[in-house]
Amino acid sequence: RIAYVNGRYVPHRDASVHVEDRGYQFADGVYEVCEVRAGRLIDARLHLDRLDRSLRELRIAPAMSRAALLTVLRETVRRNRVRDGLVYMQVTRGAARRDHAFPAAQTAPALVVTARAADPAQGARLAESGIAVITVPDTRWARVDIKSVSLLPNVLAKQQAKEAGAREAWFVDAAGNVTEGASTNAWIVTSAGALVTRPADSGILRGITRTVLMAVAASEGLRVEERAFSRAEALEAREAFISSASGIVLPVVRIDGQAVGDGKVGPVARRLRTRFHDFAE
Ligand code: PDD
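None of these values were measured; they are calculated from a predicted model. (Residues numbered from 1 in each chain as written. Predicted model: local features only at pLDDT ≥ 70, side-chain atom pairs only at ≥ 80, totals over all residues.)

(A) Quick peek at the overall build of the chain. Secondary structure assignment for the chain yields eight helices and 16 strands. Relative to the 2.2 N^0.38 estimate, which gives 19 Å for 281 residues, the radius of gyration of the chain is 19 Å and therefore close to what a compact globule would have. Counting only residues that meet the buried cut, the chain has 40% of its 281 residues in that class. At a minimum sequence separation of 6, the contacts of the chain that also span at least 24 residues come to 71%. (Helix = DSSP H or I, 4+ residues; strand = E, 2+ residues; numbered from the N terminus. Rg over C-alpha atoms; globule rule 2.2 N^0.38 Å. Buried ≥ 20, exposed ≤ 12 C-beta atoms within 10 Å, placed from the backbone. Contact = placed C-beta atoms within 7 Å.)

Structure below.
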């Protein structure tokens, strides 16, 4: 395997950054994960738009132009011979003597890109069986709209899910409403057949998959309600599912050990998953 690290393609086992990289010391950086399908980057434009936004919000300079970054992403995918999988990119504020405030303006941001294959059959299996989620209190900071590498609450939530035999953890805010998953957006289907997902301007990351699914839903004649939903409402829902670049749509059949709907994968999640790539770029 090959990784791109600050201007060079290097063997994955030797791919390292400086000990004073601010990503390492302060989680002072942002990232994106983009699906690779049949050798193509899915929704790259939307992911790079979001990367630009995350960088702007944190006042980190872009590591390179968008065109150059696209070239690096494609080259990393090519060198790793990834047909189906994921490409990961991370930009940090760079390496400088440790000091919380920003380093000198000439400090170059650090860019790392990796790519790895993922077996599409594994996703298909999960989509057939459905997954279990647990709920955990949302203890994250208020700027989860920024895709920062500061992911400790997400790490702890995911580990707790794993130890409970679940695939994902849903964060629940102080009002009892589900915000999103540790690395996915959360959705339910009401008994009336409407899709419900939390508004992207209130305590979640605006998922690219989520955005594209809005268009899929519209073309399927499904009503989407962008509003908060509670854990209790999710337990009463007909269906539930999660969305992300890595899993696209995965049906949720259990929440905290309780069956959702009839406890089986529902038709709406199945349909959205099937149609997703007709709407992705
Ligand atoms: N996770 N919410 C959170 C907290 C996420 O980390 C992600 C993405 C999403 C879904 O966003 P998108 O549809 O753009 O992937 C929602 C990536 C896949 C990850 O951390 O691996």
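Having put the structure on the table, let's press on.
(B) Focus on the environment of Leu156. Along the chain, Leu156 turns up in helix α5 (residues 152-163). Judged by the 14 C-beta atoms lying within 10 Å of it, Leu156 falls in the partly exposed class. In sequence terms Leu156 and Val136 are 20 residues apart; their C-alpha atoms lie 9.8 Å from each other.

(C) Focus on the site of the ligand. Looking at the ligand, there are 14 residues lining it, with Leu205, Gly207, Ile208, Thr209 and Ala245 nearest. Secondary structure elements with two or more residues in the shell around the ligand: α6 (208-219) and β14 (239-244). In terms of residue count, α6 provides more of the shell around the ligand than any other element does, three residues in total. For the shell around the ligand, the class distribution of residues is four nonpolar, eight polar and two charged. (Near = placed C-beta within 6 Å. Nonpolar A, V, L, I, M, F, W, Y, C, P; charged D, E, K, R; others polar.)

(D) Looking closely at the pairing of strand β15 (residues 248-255). Along β15, seven of the eight residues are buried, which leaves the element largely enclosed by surrounding structure. As paired strands, strand β7 (residues 131-137) and β15 are joined by three bridges and run parallel to one another. By the bridge assignment, Ile131 is partnered in β15 with Val252. Here five bridges tie β14 to β15, and the two strands are oriented antiparallel to one another. Bridging across to β15, Ser244 finds its partner in Ile248. Between the end of β14 and the start of β15, which pair antiparallel, lie three residues. Bridge count between β15 and strand β16 (residues 258-259): two bridges; the pairing is antiparallel. Looking at β16, one finds that Arg254 is bridged to Ala259. (Pairing = 2+ DSSP bridges.)

So, to be careful, I would describe these as geometric facts and stop short of saying anything about function.
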